[in-house]
Amino acid sequence: GWHPSGMGERCDRQSILKMYGYRGDPISQKLSRIFDVGKAIEKIWQADFKKMGLLMSANVRVPYPGPPEINGEYDAMLRHATEPGKRILVEIKSINGEGFKALPPLTLDPGINYTGLMNSQGFIGNRVRGYMLQLQLYMHVTGVHDGILLFDCKNDQNYNDYHLLYSSELVEEQLARLLRLE
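Residues numbered from 1 in each chain as written. Predicted model: local features only at pLDDT ≥ 70, side-chain atom pairs only at ≥ 80, totals over all residues. Heavy atoms only, no water.

**Q** Please clarify how unusual backbone geometry should be interpreted in this entry.
**A** Apart from glycine, the bulk of residues carry a negative phi angle, and the bulk of peptide bonds sit in the trans form. Phi is positive for Asn 59, which is not a glycine, with a value near 50 degrees. With respect to the element layout, Asn 59 can be found in strand β1 (residues 55-61). Asn 59 sits in the partly exposed class, given a relative accessible area of 22%. Phi angles above zero are rare outside glycine, and Gln 157 is one such case at about 65 degrees. With respect to the secondary-structure elements, Gln 157 resides in the loop between β4 (146-153) and β5 (159-165). (Helix = DSSP H or I, 4+ residues; strand = E, 2+ residues; numbered from the N terminus. Buried < 20%, exposed > 50% of the residue type's maximum accessible area, 1.4 Å probe, protein only.)

**Q** Explanation requested: the pattern of salt bridges in the structure shown.
**A** Between side chains of opposite charge, pairing is possible as soon as their charged atoms come close. Applying the stated criterion to the full structure yields 3 salt bridges. A salt bridge links Lys 86 to Glu 83, with the nearest nitrogen and oxygen atoms 3.8 Å apart. Residue classification places Lys 86 among the partly exposed positions, given a relative accessible area of 27%. What makes Glu 83 partly exposed here is its relative accessible area of 38%. Between Glu 91 and Lys 93 there is a salt bridge, with its nearest N and O atoms 3.5 Å apart. Of the two residues, Glu 91 and Lys 93, neither departs from the other in class, the shared state being buried. A network of salt bridges, in which partner residues are shared, links Glu 83, Lys 86 and Asp 146. (Salt bridge = Lys/Arg side-chain N within 4 Å of Asp/Glu carboxyl O.)

**Q** Teacher, can you tell me more about helix α2 (residues 29-51) here?
**A** Helical periodicity: at 3.6 residues per turn, an α-helix aligns residues three or four positions apart in one direction. The end-to-end C-alpha distance of α2, which contains 23 residues, comes to 33 Å, matching closely the 33 Å that a straight helix rising 1.5 Å per residue would cover. The complete set of buried residues in α2 reads Gly 38, Ile 41, Glu 42, Trp 45, Gln 46 and Phe 49. Residues of α2 that are buried sit in contact with β1, β2 (73-79), β3 (87-95), β4 and β5. One or two residues past the end of α2 sits Gly 53, with phi positive at roughly 75 degrees. (Expected span 1.5 Å × (residues − 1). Contact = heavy atoms within 4.5 Å.)

**Q** Can you help me understand the sheet that holds β4 in this one?
**A** Within a sheet, each strand pairs with its neighbour through backbone hydrogen bonds, oriented either parallel or antiparallel. Reading across the sheet, the 5 strands line up as β1-β2-β3-β4-β5 and stay open at both edges, with mixed pairing between neighbours. The two strands at the open ends of the sheet, each matched to only one other strand, are β1 and β5. Here the average twist between neighbouring strands, direction ignored, is 25 degrees. Here β4 pairs with β5 via 7 bridges, running antiparallel. The partner of Gly 147 across the bridge, within β5, is Leu 164. Contacting β4 and β5, helix α4 (residues 110-118) crosses the sheet at an angle of about 110 degrees to β5. Running at roughly 155 degrees to β3, helix α5 (residues 122-142) makes contact with β2, β3, β4 and β5 of the sheet. (Pairing = 2+ DSSP bridges. Axes fitted to C-alpha atoms, helices over the stretch in contact; angles between N-to-C directions.)

Right under this line is the structure:
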């Protein structure tokens, strides 16, 4: 099936190749270490959320039987600190300093955050749109319509936590695209 983290690709051929496991060049030792650092940062955030008493679950598989079939794993499900019963889905992304500087300004308005992230340009644009699709699809599958896309800068541990709301329009558009590609 499709994996949400690979859906930001705008080229249909690249999307299909990713679905079948083609990643292009082999993963180098350096790139493997970069991924390891990202996993470590994710674990640190999960531990911090747990210490705060907010972590409900982490790294949970969220299969969507489809059609189209989607398989993925969200990073964290949090309980809202002040609203009992409310849950928040969190995707944690590590990013280098150059990428962090290219992110849009962080606001308290989920709509402005959504627009800023979806309109990201340059080398960071496609990656950020892919992360947005990933979070939105997880919100769709889990029924949790509040989310945070958290970027942690590997260079200095600054972070931006973009509060976002579920966009049925984006998800329905993506699901239709996947059905067309299958």
